[in-house]
Amino acid sequence: MGAGWTGKLKRNGFGWGLILPSLLFLCLFTYYPMLKAAWLSLYEQNLATPKPVFVGLGNYANLLKDPVFLKVFGNNIWFAVGTVPASLGLAFLMALFADKAIKGRAFARLAFFYPNMIPMIAVANIWLFLYTPHFGLFARLAAWIANQPVNLLGTPDTVMGALIVMMIWKEAGYFMIFYLAGMQQIPKDLYEAAAVHGVGTWASIRRITIPLTMPTTLFVAVIAVTNSFKLVDHLWIMTKGGPNHASNLLLYYIYETSFNFYDQGMAAAMTVVMIALLLLISSLQFFGWDRKIYYE
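Residues numbered from 1 in each chain as written. Predicted model: local features only at pLDDT ≥ 70, side-chain atom pairs only at ≥ 80, totals over all residues. Heavy atoms only, no water.

Visitor: I would appreciate a short explanation of the packing of aromatic side chains in the present structure.
Guide: Across all of its chains, the model carries 16 aromatic pairs by this definition. Relative to F138, the ring of Y131 has its centre 6.0 Å away and its plane inclined at 40°; by these criteria the two rings are tilted. Here the aromatic rings of Y252 and Y255 are separated by 6.0 Å at their centres, their planes lie at 40°, and the arrangement is tilted. Here Y252 and its partner Y255 are both found in helix α12 (residues 250-260), three residues apart, which amounts to about one turn of the helix. The class of Y252 is buried, set by a relative accessible area of 5%. Overall, Y255 belongs to the partly exposed group, its relative accessible area being 33%. Here a set of aromatic residues connected by ring pairs shows up, and it is made of W127, Y131, F138 and W169. Residue placement shows K240 over the ring face of W236; its charged tip is 4.7 Å from the ring centre. (Phe/Tyr/Trp six-rings, centres within 6.5 Å; stacked < 30°, edge-to-face > 60°. Helix = DSSP H or I, 4+ residues; strand = E, 2+ residues; numbered from the N terminus. Buried < 20%, exposed > 50% of the residue type's maximum accessible area, 1.4 Å probe, protein only. Lys NZ or Arg CZ within 6 Å of the ring centre and 35° of its normal.)

Visitor: Whenever I open this one, the pattern of salt bridges confuses me. Can you help?
Guide: Note on pairing: side chains with opposite charge can pair once their charged atoms come close. Counted according to the given criterion, the structure contains one salt bridge. Note that K188 is salt-bridged to D99, the shortest N-O span being 3.6 Å. Of the two residues, K188 is situated in helix α8 (residues 188-196) and D99 in helix α3 (residues 67-99); the sequence distance between them amounts to 89 residues. (Salt bridge = Lys/Arg side-chain N within 4 Å of Asp/Glu carboxyl O.)

Visitor: Please explain the layout of surface pockets as it appears in this structure.
Guide: Here the largest pocket is characterised by a volume of approximately 310 Å³. Considering the residues around the largest pocket, the lining is formed by 14 residues, among which D99, K100, K188, Y191 and T209 are closest to the centre. Mapped onto the lining of the largest pocket, the elements with two or more residues apiece are α3, α8 and α9 (201-212). Class assignment of the residues belonging to the lining of the largest pocket gives a composition of six nonpolar, four polar and four charged. In this structure, the second largest pocket spans a volume of roughly 190 Å³. Forming the boundary of the second largest pocket are P33, K36, A37, L40, L251, I254, S258, F259, Q264, A267, A268 and T271. Those elements giving two or more residues to the lining of the second largest pocket turn out to be α1 (2-40), α12 and α13 (264-289). A class-by-class count of the residues in the lining of the second largest pocket yields eight nonpolar, three polar and one charged. (1 Å grid on protein atoms, 1.4 Å probe; cavity = no way out; pocket = protein on both sides within 12 Å on 5 of 7 lines; lining within 4 Å. Points joined across faces, edges and corners; volume = space filled by probe spheres on them. Nonpolar A, V, L, I, M, F, W, Y, C, P; charged D, E, K, R; others polar.)

The quantities given are spatial measurements derived from coordinates; they are silent on function.
Shown next as structure tokens:
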């Protein structure tokens, strides 16, 4: 009995020893900041009150009265709705193309993945030039369609769409890698059997490829939703949240509130709201799709 427990303790101790460094970093850089933000969100701390004053849920109540926060929150929802489905769909189509045994397959994979290798700041500068009125390619195309000069990043009605297009271009290649890995795990004899029974290409994709890549879709969807709330480097270069907060996103507004307006309590409250929203969406994705996914 004693020897068995000793061996079990040694095995468990060895396992905990292996994960301890990662666990320490996770607690130090993830869980502690989350708990610190939750605690700070209960206090008022700004330039007028440098010493924190406990206000309970007052910061959250003020968020519901803040028209800028409500607009930014809505912007981020639309940004996620615009980028996530389109990025996943485009990534799936690119993976289908890259998975075929064609000449230049390696070049196609590199070309699809290349945008993800470019730093976000560089991507923002490239697309800023493409959207520059009178000079940029897309600006000239929009002016030709509208038959008048168009400022894609300077007009509230077009700025969010312009940013969504850029983000889809940036992220689709990254998601393609996951889909490509998932497709390569599908047994090829399934497609051969389908072909023998006269099943067409699109029917095979609908009945074989899509169901068997659903675990990949779930994983990629969680990453895509998270990215839609955390990727805001481009705003600093392209719009700084303008015009009139039409392109402002939640994380960038948190940054402005904390470091430009020095309102730590409100920034912490918005951080807690964003974390809670991401946890809710991720939970709905996992529990909503898990029973419909084929894992083997």
